[in-house]
Amino acid sequence: MNAFELSKQAVIDGREARKKGEMPRLSEDEKKALLSRYHPDLKEEAYTTIRIGVNKGQKTVHEVVRLLEGESPLAENPPDLTPKHQVDVLVIGGGGAGASAALMAQSAGSKVLMSTKLRLGDSNTVMAEGGMQVAISPEDSPVRHFLDTLKGGQMANDRTLLKTLVSEGPANAKWLMDLGVMFDREEDGNLSIRSGGGSSLPRLLRCKDYTGLELMRVLKDAVLNEDIEILEFSPVIEFLTDGNGTCTGAVLKDLDTDKRIVVQAKTVILATGGIGRLHIQGFPTSNHYGATGDGLVLSYRAGAELKFQDTFQYHPTGSIFPEAMAGLLVTEAIRSVGAQLLNVKGERFVYELETRDAVASAVIRECEEGRGVETPAGRKGVWLDMPLVDVLHGEGTLADHFPNMLRQFSRYDIDITKAPVLIYPTLHYQNGGVKIDVEGESTLKNLFVAGEASGGIHGRNRLMGNSLLDIVVYGRRAGVAAAKRASALGFCPLTLKHLEDFKTQKKAAGVVSETVSPILFPDYVNKG
Amino acid sequence: MTVSSAKEKTSHTVKVEIMGKQHYVPEGLTMLQAMWHTGHELTRGVGCLGGICGACPSKYTTPEDAKIKTALACQTQVEEGMSFSLTAAYYPNRKVVSDFKKMEDPKQEIFRLYPETALCRNCDACTRACPKGIDVRTGVWKAAFGQFKEGADLFLSCVMCSLCVPVCIADIAPNQVGLYMRRAQGIFFNEKSSHLLARLEEIEQGKFDAEWEQLLSLSDEAIISKSLA
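Rules used in this analysis
- Residues numbered from 1 in each chain as written.
- Chains lettered and ligands numbered in written order.
- Predicted model: local features only at pLDDT ≥ 70, side-chain atom pairs only at ≥ 80, totals over all residues.
- Helix = DSSP H or I, 4+ residues; strand = E, 2+ residues; numbered from the N terminus.
- Rg over C-alpha atoms; globule rule 2.2 N^0.38 Å.
- Buried ≥ 20, exposed ≤ 12 C-beta atoms within 10 Å, placed from the backbone.
- Pairing = 2+ DSSP bridges.
- Contact = placed C-beta atoms within 7 Å.
- Axes fitted to C-alpha atoms, helices over the stretch in contact; angles between N-to-C directions.
- Nonpolar A, V, L, I, M, F, W, Y, C, P; charged D, E, K, R; others polar.
- Domains from an automatic or database assignment.
- Core = buried A, V, L, I, M, F, W, Y, C linked by C-beta atoms within 7 Å.
- Parallel < 35°, antiparallel > 145°, perpendicular 65-115°, else oblique.
- Left-handed = near helix turned anticlockwise from the far one by under 90°.
- Expected span 1.5 Å × (residues − 1).

J.: Explain the overall build of chain A to me, using residue names and the numbers behind them.
T.: Within chain A, the secondary structure is distributed over 16 helices and 19 strands. By the compact-globule yardstick of 24 Å for 528 residues, chain A fits well, its C-alpha radius of gyration being 23 Å. Dimensions of chain A, computed from C-alpha atoms along their principal axes, come out at roughly 70 × 55 × 45 Å. For chain A, the residues scored as buried account for 62% of the 528 residues in total.

Printed below as a string of structure tokens:
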């Protein structure tokens, strides 16, 4: 037996003895020390200073700065700005936040156009597995949800945004259910709830481990059932402004014909999601193909302020074996029902339901200090022992509650009811984004931002289940606010003047960039 | 799910055919990774890369039999002698508007919106085409018989890839029927959650207002000690 198989056998052999073991929780000081030593957000050499724009002088990772300081695709050949579409509200992005926003704006009477880079519904929303946090149990309260989230966010969360998020949770869960979303139930008909890392009480509504798929399938169908025009495969490549701090429209690129499409909009809602496909610090990612940070780049260039642009979530349990599954998420919910993390010797090394930043840091520590397991392809990770869930809760629990996980691994002949799997942190979420107020408006007038593209709600670390909540609460709020604003406005001039301002700033700062951004897609094509 | 940046220790390759052209690619790649490896630029046909969005339905054959099989290209590893392509980039689909708000009896309405639902001839091609292993045919029958709860459960893992649609000899769009059944079940037939409704009422009546006011005036330290308590 090789080292890999020996280590796996140690995990299997030790399962029975481990099942009742308690793992001490980290004190605040221990957690701080762990993060500062091992969390990728605190790796100084990965960061650099932003030299231009509103957040000039602040830092973020090289991969993002390169794009923020990049050239507009319209710099050389600005198109004729005669609009092809004139709408009240332009919604950019077809995930959960965009769909929620479009539905609300449309029902408020606005003429809505949606633009998406891939298809409507292609997003990180559809991939969300674990659930949506809503404080509904009698023992729980929105205040408690607030406190858990704030603590998880390293106390950095915008408190007004957060209070609104948790207070409107129940109403938003009802809205989803009224559209037909089916969350899991208990025998008595009440919604079933589950624990998540960093939460003091069980609070996760879910649909098995298909929560995001369920939400997105329903939201997409709801959009298709309304009179909302949709342009798929037509990402935004530049915003248009009045030249004076107001967003007035956008230029799209039709990916099928390469034509530019000019849209004049009274208000714009940006819901383009996150950055996983930038593979920050070389991490694999759990994100969908289009998660290339377009929203950050476009808003920043047009003059919007960013918030917490330097912090990212590395989800502790991304699959690393087999190689074809590298980066793919293993839901945190599996740890919340008892799956344990084990190093090469089959020993536990962290309480599995610490917040994600802490668990990820502990996994990295094990690997850096020589207690990781190497895969045949040369990746390092630790074991996640899922069969323990069936040991603790009875045979069939994994199959019943995690059918997606079971199926994913079974394609590669791995039976998660019998064997542990290898994991390592995977780039999962941008904790920050475009700064918004409680209506979802950015510092660029008439540009609203919702979902992962926005920043402030989650502070410096998001808790499990708060993203599905965020996209619905703030997607809807942005939709309502953008529609209301649009109803009192006429069309404003379309200019690319912000590009000139940006050029001037770049020149003054001596920034020379060979990158054209947004990049729209990661470059995986072998050129050899 | 990227083309591996980790060092590959094996030098094994397999022979595959992508849209009729022969290539040698490292074993262990998924169909999509094999396409990137061989220089294909992809926009349509790629989505979540996690088997859950339905963007990459594909068809393939293997040397041992004549059957044309279906798969999600992001989830299926290439093997020796495999011949494959992504399916049509877009299925023209009949647009059906289901206005649940105005609907009275969704179990009857299904025969107006999707009249083909009653015409299933039991060929089972849909079930065989499903890359998620759903018993699609039974699901369609559940729809026809008004057994929406059971039908909805069967379609839980449907990713709307549409591979079941073109194979249906009765022109049923089983994935659409499944989604309709799920939404109808959720809207019309699921129980109300008393916990949720009670919490909504508490919020409306301002039960937490005083607590909020006090909390938002606290210092970070006070909040931390409160949340630890």
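J.: Kindly report on unusual backbone geometry, identifying the contributing residues and their values.
T.: Negative phi is the rule for most residues except glycine; trans is the rule for most peptide bonds. The omega torsion of the bond from A:F321 to A:P322 falls at 0°, within 30 degrees of zero and hence cis. Looking at the secondary structure, you find A:P322 in the loop between β12 (312–319) and α10 (333–336). Residue A:P518 is bonded to the preceding A:S517 through a cis peptide linkage, with omega at 0°. Tracing the backbone shows A:P518 in the segment after α16 (497–509). In the Ramachandran plot, B:L49 falls in the positive-phi region, its phi being about 60° despite a non-glycine side chain. Tracing the chain through its elements places B:L49 in the loop between α1 (31–37) and β3 (57–61). A count of 28 C-beta atoms within 10 Å places B:L49 in the buried class.

J.: Let's hear about the sheet that holds strand β17 (residues 433–435) of chain A: which residues, and what values?
T.: Within a sheet, each strand pairs with its neighbour through backbone hydrogen bonds, oriented either parallel or antiparallel. Residues and elements named next belong to chain A. Pairing is mixed in the open sheet, where three strands are placed in the order β11-β17-β19. Taken across any chain shown, the strands that pair with only one partner, and hence form the sheet edges, are β11 (306–307) and β19 (454–455). Pairing between β17 and β19: two bridges, direction parallel. For K435, the partnering residue across the bridge sits in β19 and is G455. Helix α9 (residues 294–302) contacts β11 and β17 of the sheet and is inclined by roughly 35° relative to β17.

J.: Outline the interface of chain A and chain B, supporting the account with residue identities and numerical values.
T.: Interfaces are frequently sized by the accessible area removed from exposure as the parts join. Listed as interface residues are 64 residues of chain A and, on the opposing side, 65 residues of chain B. Of all the secondary structure elements, the ones that give two or more residues to the side of chain A that touches chain B are α5 (142–152), α6 (159–167), α7 (169–178), α8 (211–224) and α14 (403–410) of chain A. Split into classes, the residues belonging to the side of chain A that touches chain B amount to 34 nonpolar, 16 polar and 14 charged.

J.: Quick rundown of the domain arrangement of chain A? Include the residues and the values.
T.: Residues and elements named next belong to chain A. With domains assigned, chain A is organised as domain 1 (3–38 + 313–427) and domain 2 (85–311 + 431–497). Taken together, the contact pairs 26 residues of domain 1 with 24 residues of domain 2. Listed by contribution, the elements that provide at least two residues to the side of domain 1 that touches domain 2 are β12, α10, α11 (356–368), α14 and β16 (421–430). Within the side of domain 1 that touches domain 2, the residues separate by chemical class into 12 nonpolar, 10 polar and four charged.

J.: Report on the domain arrangement of chain B, specifying residues and quantitative values.
T.: Residue and element names in this part refer to chain B. Per the domain assignment, the segments making up chain B are domain 1 (13–86), domain 2 (100–189) and domain 3 (194–228). Placing a centre on the C-alpha atoms of domain 1 and another on those of domain 2 gives a separation of 28 Å. Listed as interface residues are seven residues of domain 1 and, on the opposing side, seven residues of domain 2. Considering every element that reaches the side of domain 1 that touches domain 2, the biggest residue donor is strand β4 (residues 69–72), with three residues. Looking at the side of domain 1 that touches domain 2 residue by residue, the class counts come to five nonpolar, two polar and no charged.

J.: Describe the environment of B:C123, naming the residues involved and giving the relevant values.
T.: All names here are of chain B. Relative to the helices and strands, C123 is located in the loop between α2 (106–113) and α3 (125–129). Given 13 C-beta atoms within 10 Å, C123 falls into the partly exposed group. In this structure, the C-alpha to C-alpha distance between C123 and I224, residues 101 residues apart in sequence, is 62 Å.

J.: How would you summarise the nonpolar core if you had to cite specific residues and measurements?
T.: All names here are of chain A. If you look at the biggest cluster of nonpolar residues, it comprises 211 residues, and the most contacted ones within it are V89, V91 and I269. Among the elements that make up this core, the one with the highest residue count is helix α15 (residues 466–487) (11 residues). Apart from the residues within four sequence positions on either side, V89 is in contact with A105, S110, V112, A265, K266, T267, I269, A482, A483 and A486.

J.: Can you break down the packing of α5(A) against α6(A) residue by residue, with the values?
T.: Residue and element names in this part refer to chain A. Relative orientation of the contacting elements α5 and α6 amounts to 135°, with a least axis distance of 9 Å. With respect to their mutual orientation, α5 and α6 come out oblique. Note that α5 runs across α6; the crossing there is right-handed. Along the contact surface, α5 presents P142, H145, F146, T149 and L150, while α6 presents L162, K163, V166 and S167. Class assignment of the residues belonging to the contact of α5 with α6 gives a composition of five nonpolar, three polar and one charged.

J.: Break down α8(A) for me, citing the residues and quoting the values.
T.: Its 14 residues give α8(A) an end-to-end C-alpha distance of 20 Å, which sits within 8% of 20 Å, the value for a rise of 1.5 Å per residue. With respect to burial, α8(A) is a largely interior element, 13 of its 14 residues being buried.

J.: Explain the environment of B:L196 to me, and be specific about the residues and the numbers.
T.: Residue position: B:L196 is located in helix α7 (residues 194–204). Exposure remark for B:L196: the 22 C-beta atoms within 10 Å place this residue in the buried category. Those residues within four positions of B:L196 in sequence are excluded, and the remaining contacts are A:I136, A:P170, A:A173, A:K174 and A:L191.

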